[in-house]
Structure formats: C-alpha cells, structure tokens
2 protein chains.
Amino acid sequence: MVIWMNIRVAINGYGTIGKRVADAVLKQNDMTLVGVTKTKPSYEVDLAISRGIRIYASSVDRVKLFEEAGVQICGTLDDLLKEADVVVDCTPGKVGASYKPVYERAKVKAIWQGGEKHDIAGFSFNAVCNYKEALGREQVRVVSCNTTGLCRSLFALDKSFGIRKVRVVLMRRGADPAEDSKGPINSIVPDPVTIPSHHGPDVQKVLPHIDITTTAFAVPTTLMHVHLLNVELNRDVTEGEIFSAFSQYPRIRIVSASDGIGSTSAIIEYARDLGRHRYDMPELVIWKESVKSFGKEIYLTQAVHQESIVVPENIDAIRAMTRIAKSGEESMKLTDAYMGIGR
Amino acid sequence: MVIWMNIRVAINGYGTIGKRVADAVLKQNDMTLVGVTKTKPSYEVDLAISRGIRIYASSVDRVKLFEEAGVQICGTLDDLLKEADVVVDCTPGKVGASYKPVYERAKVKAIWQGGEKHDIAGFSFNAVCNYKEALGREQVRVVSCNTTGLCRSLFALDKSFGIRKVRVVLMRRGADPAEDSKGPINSIVPDPVTIPSHHGPDVQKVLPHIDITTTAFAVPTTLMHVHLLNVELNRDVTEGEIFSAFSQYPRIRIVSASDGIGSTSAIIEYARDLGRHRYDMPELVIWKESVKSFGKEIYLTQAVHQESIVVPENIDAIRAMTRIAKSGEESMKLTDAYMGIGR
C-alpha cells in the first residue's frame, strides 16, 4: 500500500467547477496543484497565470490557439497527467467520459463530476455518506450539486431517525450567472416533464436503501437551486430533534428568514457579506422556519449553491482515493478548515 | 323566489380581474354589464369607454380626477350599485372587505375574490365543486387562482377514485406581466417560508374532507403558476383512468410537451396562437407526460393562468346566486360557450 504525503493534483477543465477545485487544492496543506487544462485562452487563463497556476492545452491541436495569443503554456493534457497522482475531471457534462481511456493510459487516479453517469467510475461519492468505500479507489464520481445537497440532509435524517420515504420537488436555477445564452428568462419548465427526475435514482447510487422520488423544474434564476423535501420517518420526531440531528453533521448551515435571509438572493448576499470568494456557499443551506414536523411526516426547504457545493467533496475524494485521511470526519475537518467553511 | 332573466352586473374595480370579468359578462346572453368603477383615469378607462362601458368613480372624492382629465363618468359607486342586481368586487386583495357594508346597504348581491378571507362571505365558491350550495346566496367568495386550479383537478380525482391525501408544491409567478415594480427578479423565495402555505386550508374551504398540505415558492416569472401534485388515492389507478377522469370535467386542458408545449411560456404561446384575447387561458392546464401512476400514489404537474382562471367562476357565481341556472353543468356550459373556452 502506497502512503501519499503530498498529493499531486491535475485538473482537466478550468471552468465553473475546475477553477474552484483548483483554488481549494491550493489551500490544502497535503496537496499540490500541478496544473490545469484549458481549451483556449481567456481572462480566466490570464488570472490563473498571474496567480502562478500552470496552464496546459487540453489537446495538441489546441496549442496553437495559446501560441497565437502569446499565452505561455506548459504542454498538453498528456504532459500534465505525467506529473499527477490524481486528475479531477472538470470538463463539461458528458465530455468527461471520453477522457476515461486517457486517464487510464496515464495510470492516474481519476475523479469525475456528476454530469457523468455512475458507470464511468462504478462508484458515486459523497464525503459524509460513503468516504470509507472510496478508500484507495482508482476512479470515483462525485455526485452532482443537487444530489450532494440531498445526500447531506437525508443522511443526517436517516442516521438519526430512519427514513421511510422521501418526496422532493427541485426548483433548479435555469443557468449559472455567466451563462448568458441559456434560459429560461420568463418561464417555468418541467425539466423533465416526466416523473421522476434523475435525481432520486442518483441519490440511490450513494444511499441505495432510501425510497426517494424526485421531480424537477427549471426557473428563471441563476443563484441557487431550491429543494422542498417531504419525508416520512420511522418514528415521530420534534423539530428540535431535527435541528439536533443536522447539528451533528458538517456542511449544513441553518439560516433564518427572520434574520433577513428569506430567499436564495438573500443567502447569496449573506455569502458576499461573509467575504466568501466568488460568493461561494459550499454548505447546504436549510431555512430554519421551513423545518416542520407533523409527527412522522416532516418538511424542510433547502438551497444548494450549484457552483460550489461539490468543491469540498472533490477534495475529500482525493484524500480517500490516496488514503491520506482514513476517515471522512478527518478529511472533512481538514477540507473545511482550509477552505474556511463551517456549519 | 325571484327569477332573474337578465342580470344587471356591476364591477367594482377594473384591474386585472375586473376587466376580464367585464368582458366575460358582455359575452353572456343572460347578463348586462351596467358599469365598472375605477379609482382614476387610465388607458384602460379610455379603452372601456371606447367600447361603450359606463365608468363610475370608486368614491366621491375621486370624481374630480376624472373631471380634470376630461373623462366622462356616470357617477360614483353608490350610483352604480343602484342599477345592479349583483356586484363583483374586483378591488385589490384585502381592500374588498371594506366594501361589505356598502354592498349590504345598497341591498345588492356581492361576489368577492380569493384575496379576501373566507369569512367575508362565509362561503367559498368553485363552479364544479359546490355550485348548488351557492344557489340564491347573497354573498359569495370565488377562491383564488391557485385554489381554483387545485379544486378542479382534485375534485375530478376525488370523485373518480377517492383521495387519501394530497401534497402540493406551488411555484408561483412572482408578478403579473404589467407589475413592473414587483419581484423577485433573480431569486427563489419560499413564500411563505413556513409550512404549510394558505392554499391547502383554502382548498378545504371548498372541499373540507380533503387531507391536503401545500408549500409555495415565488419565482421570477410573470406568466403562470405551476403546481406539482403528489396524491395518494384510495385505490390503484392507471394513467389511462386518470385521463379518463379528467375528460369528464370541464375547464381542464391536457397539453403535451411532445407537441411543443413543454413550459409555461409555451402554453402562453399556444394561447396566443389560438387567438385568445390577452392570451388568456382560463382552463387548468395539465401536462400529459407529467401524469404518472405508481399504483395508489400518483403525480401530475399543472399550470394556472393567474389572470384568467377565476373569470368563468365569477360568471357561474353570478348565475348561482341569481338562480338563472339551476346546475353547475348548465351554467358552465353557457359560460364556456360564450367565452369560447373548452376542454
């Protein structure tokens, strides 16, 4: 068994997730960012170079785009992979799968995002739910933002009270803030119009025994997703017991509408006031007033910052696969301390 | 018992609902629109006058606003009520209650909208659910747009299969199209953040025996509300049986995403192509692909055009209160034929 001391991490794709995972890796004391790939020059490349991040072209035919722009690169993806113990694939959804043979040929451990199918890695990861099962693995898929959020709250409820069934409605942000060609602008889109959405089966990849059905809608906002959870538990619980359960798990933040945090835009204003880089909120946010018990049947409303919630999970996946932390608790404590995120 | 032959209808408030109820009254063969009130001159007043509608000032102190603008009015609300058998209160939510003594003093039957509390009339109306109970009443409240939509689909399901319980998530349009000072613009707002929302109890004012819990969110769109219904029935049903149940009730329109009607904006585009005045869609719209049976537990997604769904209900309320149609079926058939709406 190899014990890794300072893990060399490569990031393939430097977009919404890639740039955040890069920043998070830079903050960890037990990891080194060896470089990131990009398909073409951009302001993000310039910013990365100015911060000392090494840039690689995503493929050989892309090299000339950087040369023409006078941007200094260190080689291509193949060169980058030679220097890495782990590659975090942050290419666009469904593109990541095409890189699987590339990563395998380079004999580098690989992490994919939730835009890829479970089968790409045969294992779907969430730090709080199944860290131990990821120990030493060659390939791992970190589940999507919505699934990550659901795993966090459902795991806490299931461990504490036992879940009989879960019914969730997801109101999804239509586009990320910079995606100025995506919609909807003025519409509510059942997405998919068929029931269930893929999120329930995806949660079951991590928590196979949970009876969950999900439905999803896209709405005209860019900031966060919102989930309404209707959960039947195995026993009667009070709202106090629910808050107590959540307080035992990391990366869950309870906010209160009566404190002025009554919407997703108010959550983001809160993150900005906290001084969060890019206004990121990697914690799952649960509205205090939304937690309601009718005995065994409970409700809660939670918000998911789609751009950042999976970032700490990627860091934990690196630690599990390289065994530099033996438990999820140990890894999450490190990740959260270095990233400056909390409960 | 008085038998009314041609009901004289006054409308107090000529805004979003008032102007639509006025148009609907003008189309009925058994009703006369005696006039409408307005608080001040506007383009809507000019349009109404050009179509021969008589305008009244909402109060004496408002008369001079019309005089100054050179707008010909026929008097004030008190004058209007003297000419009317029924007044439809279409003043803004919570304002209508202040007119109750005015209507009573004038000895005119009164209809309020869902923005007022149930107690204003002691009776909440939906044509398909409780027309007979409205026969001859002096005062009736037509339930709100969301409650009207829920009553239509739930009544059909309950009559056909028996409902054990209903869990609904409402995604509400943030503002009507012309409300340019209302939000949200880029936010999802739990509204209310507490659970349940008022819609469930409001449905129970019409259908008291239904076990229903509702939660609601405001989203940045102006076109329609969307409801996700999760219903437990008393027996196993197939999707075919559900469609068959809906086909037996009026004012329910099944649309299909595979025909290109996959969102609220697509529904409105459809209404525009149908040539609907103001692109109104008073029918409850249910997406075909969203109807899903898991045995006793079923799902469906429906859309509610907040500006128009209650309009035919107001017309039926007038007929019930004045007994010019003895059954809901008879009244709805007339209303829908005159208004040009269908299944």
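Visitor: Where do I start with the interface of chain A and chain B in this structure?
Guide: How large an interface is tends to be reported as the accessible area lost when its parts come together. The partner chain B presents 34 residues to the 34 residues of chain A that form the contact. Broken down by secondary-structure element, the contributors of at least two residues to the side of chain A that touches chain B are strand S8 (163-173), strand S9 (189-190), strand S10 (212-219), strand S11 (225-233), helix H10 (264-273) and strand S15 (297-304) of chain A. Split by residue class, the side of chain A that touches chain B holds 18 nonpolar, 13 polar and three charged.

Visitor: What is the right way to look at the packing of helix H1 (residues 16-27) of chain A against helix H11 (residues 311-322) of chain A in this model?
Guide: Axes are the key here: two packed helices are described by the angle between their axes and the distance separating the axes. Residues and elements named next belong to chain A. It is the contact of H1 with H11, at a shortest axis distance of 9 Å, that shows an interaxial angle of 55 degrees. When the interaxial angle is binned, H1 and H11 end up oblique. Judged by the sense of rotation from one axis to the other, the crossing of H1 with H11 is right-handed. Residue-level contacts link Arg20, Val21, Ala24 and Val25 of H1 to Val311, Pro312, Asn314 and Ile315 of H11. The residue makeup of the contact of H1 with H11, split by class, is six nonpolar, one polar and one charged.

Visitor: Can you help me understand the sheet that holds strand S5 (residues 109-112) of chain B in this one?
Guide: Adjacent strands of a sheet form backbone hydrogen bonds with each other and so pair up, either parallel or antiparallel. Residue and element names in this part refer to chain B. Within the open sheet, the seven strands sit side by side as S3-S2-S1-S4-S5-S7-S6. Their pairing is parallel. Pairing within the sheet leaves two strands with one partner each, and these edge strands are strand S3 (55-57) and strand S6 (124-125). Where helix H1 (residues 16-27) meets the sheet, its contacts fall on strand S1 (7-12), strand S2 (31-38) and strand S4 (86-89), and the angle it forms with S2 comes to roughly 160 degrees.

Visitor: Before we go on, may I ask you to explain the sheet that holds strand S3 (residues 55-57) of chain A in this structure?
Guide: All names here are of chain A. Judged by pairing direction, the sheet is parallel, and its seven strands sit side by side in the order S3-S2-S1-S4-S5-S7-S6 without closing on themselves. Of all strands in the sheet, those bounded by a partner on one side alone are S3 and strand S6 (124-125). Alignment of strand S2 (residues 31-38) against S3, held across three bridges, turns out to be parallel. From the neighbouring strand, threonine 37 faces S3, where its bridge partner is tyrosine 56. Packed onto the sheet, H11 meets strand S1 (7-12), S2, strand S4 (86-89), strand S5 (109-112), S6 and strand S7 (139-142) and runs at close to 160 degrees relative to S7.

Visitor: Even after reading the chapter, I still don't get unusual backbone geometry, so can you show me in this structure?
Guide: Trans is the prevailing form of peptide bonds, just as negative phi is the prevailing case for residues other than glycine. Residues and elements named next belong to chain B. The peptide bond linking glycine 183 to proline 184 adopts the cis configuration, its omega dihedral lying at 0 degrees. For the peptide bond that leads from aspartate 191 to proline 192, omega is 10 degrees, which places it in the cis range. Relative to the assigned elements, proline 192 resides in the loop between strand S9 (189-190) and helix H8 (199-206). Here tyrosine 279, not a glycine, exhibits a phi torsion of approximately 55 degrees, which is positive. Among the structural elements, tyrosine 279 can be located in the loop between helix H10 (264-273) and strand S13 (284-287).

Visitor: Explain helix H12 (residues 328-339) of chain A to me, please; I cannot follow it from the model alone.
Guide: A turn of α-helix holds 3.6 residues, and therefore any two residues three or four places apart point the same way. Residue and element names in this part refer to chain A. Helix length check: H12 (12 residues) gives 16 Å between terminal C-alpha atoms against 16 Å at 1.5 Å per residue, within 8%. Residues of H12 that are buried include every one of Gly328, Ser331, Met332, Leu334, Thr335, Asp336 and Met339, and no others. Looking at the buried side of H12, the elements it contacts are H1, helix H6 (127-130) and H11. At the exit of H12 stands glycine 340, carrying a positive phi of roughly 75 degrees.

Visitor: Explain the pairing of S10 of chain A here, please?
Guide: Within a regular beta strand, the side chains point alternately toward one face of the sheet and then the other, so they alternate between its two faces. All names here are of chain A. Among the eight residues in S10, eight count as buried, and that is most of the element. Residues Ile212, Thr214, Ala216 and Ala218 of S10 are buried on one face, and the alternating residues Thr213, Thr215, Phe217 and Val219, pointing to the opposite face, are buried as well. Direction of pairing for S9 relative to S10: antiparallel, over a ladder of two bridges. Paired with valine 189 across the strands is alanine 218, a residue of S10.

Visitor: I would appreciate a short explanation of the domain arrangement of chain A in the present structure.
Guide: All names here are of chain A. You can read the domains of chain A as domain 1 (7-143 + 310-339) and domain 2 (146-304). Measuring from the centre of the C-alpha atoms in domain 1 to the corresponding centre in domain 2 gives 26 Å. Taken together, the 17 residues of domain 1 in the interface contact 16 residues of domain 2. For the side of domain 1 that touches domain 2, the secondary structure elements donating two or more residues are H1, H6, H11 and H12. For the side of domain 1 that touches domain 2, the per-class residue count stands at seven nonpolar, six polar and four charged.

Visitor: It is not clear to me how helix H7 (residues 145-161) of chain B should be interpreted in this structure. Could you clarify?
Guide: All names here are of chain B. The end-to-end C-alpha separation of H7 is 24 Å, in line with the 24 Å expected for 17 residues at 1.5 Å each. Among the 17 residues in H7, 14 count as buried, and that is most of the element. At the exit of H7 stands glycine 162, carrying a positive phi of roughly 80 degrees.

Visitor: Sorry, what's going on with the nonpolar core here?
Guide: In a soluble, globular protein the nonpolar side chains are often hidden away together inside. With 212 residues, the main nonpolar core has Val9, Leu154 and Met171 of chain A together with Val9, Leu154 and Met171 of chain B as its most contacted residues. What valine 9 of chain B contacts, discounting residues up to four positions off in sequence, is Val25, Met31, Thr32, Leu33, Val34, Ala84, Val86, Val88 and Ile318 of chain B.

Visitor: I keep staring at the relation of the copies chain A and chain B and nothing clicks. Help me out?
Guide: Relating one copy of the chain to the other takes a rotation about an axis and a shift parallel to that axis. Of the transformation superimposing chain A on chain B, the axial component is 0.0 Å and the angular component is 180 degrees, with the fit at an RMSD of 0.0 Å. What we have between these two chains is a two-fold relation. The C-alpha atom lying nearest the rotation axis in chain A is that of proline 220 of chain A; the distance is 2.9 Å. Both copies present the same face, since 100% of the interface residues in chain A are matched by interface residues at the equivalent positions in chain B.

Conventions we followed
Residues numbered from 1 in each chain as written. Chains lettered and ligands numbered in written order. Predicted model: local features only at pLDDT ≥ 70, side-chain atom pairs only at ≥ 80, totals over all residues. Contact = placed C-beta atoms within 7 Å. Helix = DSSP H or I, 4+ residues; strand = E, 2+ residues; numbered from the N terminus. Nonpolar A, V, L, I, M, F, W, Y, C, P; charged D, E, K, R; others polar. Axes fitted to C-alpha atoms, helices over the stretch in contact; angles between N-to-C directions. Parallel < 35°, antiparallel > 145°, perpendicular 65-115°, else oblique. Left-handed = near helix turned anticlockwise from the far one by under 90°. Pairing = 2+ DSSP bridges. Expected span 1.5 Å × (residues − 1). Buried ≥ 20, exposed ≤ 12 C-beta atoms within 10 Å, placed from the backbone. Domains from an automatic or database assignment. Core = buried A, V, L, I, M, F, W, Y, C linked by C-beta atoms within 7 Å. Least-squares fit on C-alpha atoms with pLDDT ≥ 70 in both.

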